[in-house]
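Single-letter residue listing:
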Amino acid sequence: MGAVHAVERVRAALGRVGVNIEIREFAESTRTAQEAADAVGTSVGQIVKSLVFVAGGNPVLVLVSGANRADTGKLEALLGAPVERADPATVREATGFAIGGVPPVGHPSSLPTLVDEDLLQYETVYAAAGTPNSMFAIAPRELVRITGGRVVDVARRPVSG
Ligand code: 5CA
């Protein structure tokens, strides 16, 4: 499956939920959150990482601020099952996209989705659009709406004191 096709699948999925926004394609890599932030010209916190975990055998999508790491213990408490990070083949199977370009929508079937509450502090956040050099901008509330996501505390917090 080519890169153009991947971006077009995301564009179509966004259109189906009434989001007709511009997908930006970059000459440089947006494979990691930091690279994406540099390309877009935003803070890493405003980048949406679309991470796949497997909870009790079922794939779950966790949309995490680029500034944060997902806390597996919190995910287990929220989902009520043992949680592990999906391997690359499972990511591809569950989402239809390869790691580095996984978008929050446009998957073969919709995944249960959790959204890092830290994303909601921003006016605009930026998510991958299917390839490791494409991104789109969206208001975090819209992201929650189009994914049917549940806004939760998923970030691993540094131990204080
Ligand atoms: N395009 C960027 C910014 S949106 C992006 O996709 N970032 S990401 O964080 O959503 O995707 C990279 C993530 O894939 C990493 O944070 C990591 O959680 C996951 N990942 C990278 N390599 C592996 C691997 N070998 N196995 C499982 N997960 C991996």
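Our structure's up above, just so we're on the same page.
Source: prediction; values computed, not measured. (Residues numbered from 1 in each chain as written. Predicted model: local features only at pLDDT ≥ 70, side-chain atom pairs only at ≥ 80, totals over all residues. Heavy atoms only, no water.)

Re the environment of V152
Let me state the cut-off plainly: Helix and strand assignments come from DSSP, with helices taken as H or I runs of at least 4 residues and strands as E runs of at least 2, each series counted from the N terminus. The rule is simple: take the accessible area with a 1.4 Å probe, protein chains only, and divide by the maximum for that residue type; under 20% is buried, over 50% is exposed, in between is partly exposed. Pairs of residues are marked as contacts when any of their non-hydrogen atoms sit within 4.5 Å.
You can see V152 is positioned in strand β8 (residues 150–152). In this structure V152 comes out as buried when scored by relative accessible area, which is 8%. In the structure, V152 is positioned 77 residues away from L75 in sequence and 9.4 Å away in space, judged by C-alpha atoms. The contacts of V152, once residues within four sequence positions are left out, are L78, L114, V115, D116 and E117.

Digging into helix α2 (residues 33–40)
Defined as follows: It is the directions from the helix axis to the C-beta atoms that the arc portrays.
Here α2 has its buried residues at A33, A36, A37, A39 and V40. Looking straight down α2, one finds that the buried residues subtend no more than 165 degrees of arc, so they occupy a single side. Packed against the buried residues of α2 are β1 (23–25), β2 (47–55), β6 (125–128) and β7 (134–138). The positive-phi residue at the C-terminal boundary of α2 is G41, with phi of around 85 degrees.

With respect to the site of the ligand
What counts is decided by this rule: Here a residue is near a molecule or strand as soon as one of its heavy atoms is found within 4 Å of it. Counting of polar contacts relies on pairs of N or O atoms within 3.5 Å, with two restrictions inside protein: one atom must be capable of donating a hydrogen and the other of accepting it, and residues adjacent in sequence are counted only when both atoms are side-chain atoms. Only the protein chains shown count as cover for residues, and the accessible areas themselves come from Shrake-Rupley with a 1.4 Å probe. Residues are sorted three ways: Asp, Glu, Lys and Arg are charged, Ala, Val, Leu, Ile, Met, Phe, Trp, Tyr, Cys and Pro are nonpolar, and all the rest, Gly among them, are polar.
Close contacts around the ligand come from 16 residues, with T30, R31, S50, A86 and G100 the closest. Here T30 contributes a backbone N or O atom positioned 2.6 Å from a nitrogen atom of the ligand. In this structure, an oxygen atom belonging to the ligand sits 3.2 Å away from a main-chain N or O atom of S50. Summarising the interface, the protein chains cover 76% of the accessible area of the ligand, which totals 600 Å² for the free molecule. Ranked by the residues each element gives to the shell around the ligand, the list is headed by β2, at five residues. Looking at the shell around the ligand, its residues break down into eight nonpolar, five polar and three charged.

A look at the environment of V91
Structurally, V91 is set in helix α4 (residues 88–95). Note on V91: relative accessible area 4%, which makes it buried. As a C-alpha pair, V91 and V54 span 37 residues in sequence and 9.5 Å in three-dimensional space. Ignoring sequence-local partners within four residues, the contact set of V91 consists of V52, A86, G96, F97, I99 and V102.

A word on the nonpolar core
Test applied: By convention a nonpolar core is built from buried Ala, Val, Leu, Ile, Met, Phe, Trp, Tyr and Cys residues, the set being connected through side-chain atoms within 4.5 Å.
Counting 29 residues, the largest nonpolar core has V10, L14, I23, V48, L63, F136 and I138 as its most contacted members. For this core, the elements supplying multiple residues, two or more each, are α1 (3–16), β2, β3 (58–65), α4, β6, β7 and α5 (140–147). Counting residues per element, this core draws most heavily on α1, which supplies five residues. Apart from residues no more than four positions distant in its own chain, V48 is found in contact with L63, V64, L119, V125, Y126, A127 and L143. Of all hydrophobic cores here, the second largest spans eleven residues; its members include V64, A70, L114 and V154.

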